[in-house]
Amino acid sequence: MKIAKYILTITIAASCLTVSKANILKDTVIHANGNPIIRHEFTADPAAMVYKDKVYLYTGHDEAPTNHNGYVMHNWTCFSSSDMVNWTEHPSPLNVKDFAWARADAWASQVIERDGKFYWYVAVDHATIPGKAIGVAISDSPTGPFKDARGTALVTNDMTKAAKHPWDDIDPSVIIDKDGQAYLFWGNGVCYYAKLKANMTELDGEIKTIDLPHYTEAPWIHERNGWYYLSYAYEFPEKIAYAMSKNINGPWVYKGIINELAGNSNTNHQAIIDFKGKSYFIYHNGALAADAGSFHRSVCIDYLYYNKDGSIKRVVMTSEGVKAAK
Ligand code: FUB
């Protein structure tokens, strides 16, 4: 009798999970109950943007079948929040199919605002130029809809020669400096950067490289109190390390590890923002379920703390996550 009741309970719980996964309600509020913050789907490669009192979180979407050891990623997701705990999921504003020249692989991305337009830089696999490539989509709203801003890739594998492997042009990160000059950073195996024209859709000048110890991928560029920070995935499996500079063109001084290996995931992929007086470290791990892992990742948020000299303290990854920002 007890066993029958147990089986019934498990069956009901399993069917509820199937229903909630299949019928994800969009534009509904998710209350993050600790880390990972999103639990009805797998989310990876977070990028965050603060705009008009809200945080917009953009992620990749791991859709690999259970036990599939490889990335299956077709679209990107978008969530917004006024407090870092209650998140509204917006209908997926961008799919790899929105780039007619792309073949597959909605990998890491970042969105930035300029003059009321939103530019979403993404890594995808190119359909005709072998290797990964970077595209850019544009919208009038942070939640989309977004459309391909160029009709062609912004960066293709034949434009970068410092690495021999075809997936070096991934993981775009973008910043607009105080003088209005925008820069794109990216790269796997080699950290590349280049200026962007004011239209945000064309490179302006040569592609340069930055020498960083044990650089793997996932550069994230941010500025705070006169310091530039270039954080990145270090070694593989990945920790997150960072370098600092007083000038966006360097020289960069390596400062050490910010985050340790993330639970049950080879990758860690960080975004760093300030919001309502606190600093946040947003990353992914593979901790959502027993069958999660490196190809079934989930976004987490913990606090980031700076020392008085501007250097960054190591992140303490927690399961309870952050409290609602006031
Ligand atoms: O999500 C695919 C790749 O995994 C990203 O481009 C890397 O940063 C790593 O997180």
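This is a predicted model, so every value here is computed, not measured.

A.B. asks: Looking at this structure, I do not really get the pattern of salt bridges. What am I missing?
C.D. replies: Evaluated as defined, the whole model comprises eleven salt bridges. Between Arg 224 and Asp 274 there is a salt bridge, with the nearest N and O atoms lying 2.8 Å from each other. Taken together, the residues span a long stretch of sequence, with Arg 224 in strand β15 (residues 215–224) and Asp 274 in strand β19 (residues 271–275) at a distance of 50 residues. Classification of Arg 224 by relative accessible area gives partly exposed; the value is 23%. Linked through salt bridges whose partners overlap, the residues forming this network are Arg 103, Asp 105, Asp 125 and Lys 132.

A.B. asks: Quick question: what am I supposed to make of the state of the cysteines here?
C.D. replies: Each disulfide is one covalent bond, formed between the sulfur atoms of two cysteines. A complete count under the given rule lists zero disulfides for this structure. Free of any disulfide, Cys 78 has its nearest cysteine sulfur in Cys 300, 19 Å distant. Taking relative accessible area as the criterion, Cys 78 reaches 0% and is therefore assigned buried.

A.B. asks: Sorry, what's going on with the environment of Val 85 here?
C.D. replies: Position of Val 85 among the secondary structure elements: in the loop between β4 (75–81) and β5 (86–95). Sequence separation between Val 85 and Asn 69 is 16 residues, and the spatial gap between their C-alpha atoms is 31 Å. Once you skip the residues sitting within four places of it in the chain, Val 85 turns out to touch Ile 30, His 31, Ala 32, Val 322, Lys 323 and Ala 324.

A.B. asks: How should the site of the ligand be read in this particular structure?
C.D. replies: Around the ligand, the neighbouring residues are Asp 45, Tyr 71, Met 73, Trp 107, Ala 108, Ile 170, Asp 171, Glu 217, Thr 267, His 269, His 284 and Arg 297. At 2.4 Å, a side-chain N or O of Asp 45 approaches an oxygen atom of the ligand. His 269 places a side-chain nitrogen or oxygen 2.7 Å from an oxygen atom of the ligand. Compared with its free state, where it exposes 280 Å², the ligand has 99% of that area covered by protein. Of the residues that constitute the shell around the ligand, the class distribution is five nonpolar, three polar and four charged.

A.B. asks: Looking at this model, I keep getting lost on the nonpolar core. Mind explaining?
C.D. replies: Inside soluble globular proteins, nonpolar side chains tend to come together where they are buried. Counting 37 residues, the largest nonpolar core has Met 84, Trp 87, Ile 258, Tyr 280 and Ile 282 as its most contacted members. Mapped onto this core, the elements with two or more residues apiece are β2 (42–51), β3 (54–62), β15, β16 (227–234), β17 (239–245), β19, β20 (278–285) and β21 (298–304). Discounting chain neighbours no more than four positions away, the residues touching Tyr 280 are Met 84, Ala 271, Ile 272, Ile 273, Phe 275, Ile 301, Asp 302, Tyr 303, Leu 304, Val 322 and Ala 325. If you look at the next biggest cluster of nonpolar residues, it comprises 26 residues, including Met 49, Tyr 56, Cys 78 and Ala 123.

A.B. asks: Explanation requested: empty space enclosed by the protein in the structure shown.
C.D. replies: Unoccupied space between atoms shows up once a probe the size of one water molecule is rolled over them. Under the definition given, this model contains one cavity of 30 Å³ or more. Taken as a whole, the largest cavity holds about 50 Å³ of empty space. For the largest cavity, the full set of lining residues is Pro 46, Ala 47, Ala 108, Ser 109, Asp 171, Pro 172, Ala 218, Pro 219, Trp 220, His 269 and Gln 270. Contributing elements (two or more residues each) for the lining of the largest cavity: β2 and β15. The biggest single contributor to the lining of the largest cavity is β15, with three residues. Here the lining of the largest cavity is composed, by residue class, of seven nonpolar, three polar and one charged.

A.B. asks: Honestly, the packing of aromatic side chains in this entry has me stumped. Any pointers?
C.D. replies: Here the distance between the centres and the angle between the planes together describe a pair of aromatic rings. Within this structure, the stated rule accounts for 18 aromatic pairs. Look at Tyr 280 and Tyr 303: their rings are 5.6 Å apart centre to centre, the planes differ by 35°, and that puts the pair in the tilted class. Of the two residues, Tyr 280 is situated in strand β20 and Tyr 303 in strand β21; the sequence distance between them amounts to 23 residues. Its relative accessible area of 0% is what places Tyr 280 among the buried residues. Aromatic rings pair up to connect Tyr 58, Trp 76, Phe 99, Trp 101, Trp 120 and Phe 146 into one cluster. In this structure, Arg 224 packs its charged tip against the face of Tyr 306, placed 3.8 Å from the ring centre. Positioned over the ring face of Trp 227 is Lys 246, at 4.2 Å from the centre of the ring.

A.B. asks: Is there a simple way to explain the sheet that holds β21 in this structure?
C.D. replies: Within a sheet, each strand pairs with its neighbour through backbone hydrogen bonds, oriented either parallel or antiparallel. Pairing is antiparallel across the open sheet formed by three strands, whose spatial order is β19-β20-β21. Edge positions in the sheet fall to β19 and β21, since each has one partner strand and no second. Recorded for the sheet is a direction-independent mean angle of 30° between the axes of neighbouring strands. Pairing analysis gives seven bridges linking β20 to β21, with the strands arranged antiparallel. Its bridge partner being in β21, His 284 is matched across the sheet by Val 299.

A.B. asks: Honestly, the pairing of β16 in this entry has me stumped. Any pointers?
C.D. replies: Each regular strand shows side chains that alternate between the opposite faces of the sheet. A large share of β16 lies buried, amounting to seven of its eight residues. Bridge count between β15 and β16: seven bridges; the pairing is antiparallel. Looking at the pairing, Glu 217 lines up with Ala 233 of β16. Hairpin remark: β15 followed by β16, antiparallel, with two residues in the connecting loop; positive phi at Asn 225, about 50°. When β16 meets β17, the two strands line up antiparallel, connected through seven bridges. Bridging across to β17, Ser 231 finds its partner in Tyr 242.

About the thresholds
Residues numbered from 1 in each chain as written. Predicted model: local features only at pLDDT ≥ 70, side-chain atom pairs only at ≥ 80, totals over all residues. Heavy atoms only, no water. Salt bridge = Lys/Arg side-chain N within 4 Å of Asp/Glu carboxyl O. Helix = DSSP H or I, 4+ residues; strand = E, 2+ residues; numbered from the N terminus. Buried < 20%, exposed > 50% of the residue type's maximum accessible area, 1.4 Å probe, protein only. Disulfide = S-S within 2.5 Å. Contact = heavy atoms within 4.5 Å. Near = heavy atom within 4 Å. Polar contact = N/O pair within 3.5 Å; in protein donor to acceptor, adjacent residues only side chain to side chain. Areas by Shrake-Rupley, 256 points an atom, 1.4 Å probe, with all protein chains shown as cover. Nonpolar A, V, L, I, M, F, W, Y, C, P; charged D, E, K, R; others polar. Core = buried A, V, L, I, M, F, W, Y, C linked by side-chain atoms within 4.5 Å. 1 Å grid on protein atoms, 1.4 Å probe; cavity = no way out; pocket = protein on both sides within 12 Å on 5 of 7 lines; lining within 4 Å. Points joined across faces, edges and corners; volume = space filled by probe spheres on them. Phe/Tyr/Trp six-rings, centres within 6.5 Å; stacked < 30°, edge-to-face > 60°. Lys NZ or Arg CZ within 6 Å of the ring centre and 35° of its normal. Pairing = 2+ DSSP bridges. Axes fitted to C-alpha atoms, helices over the stretch in contact; angles between N-to-C directions.

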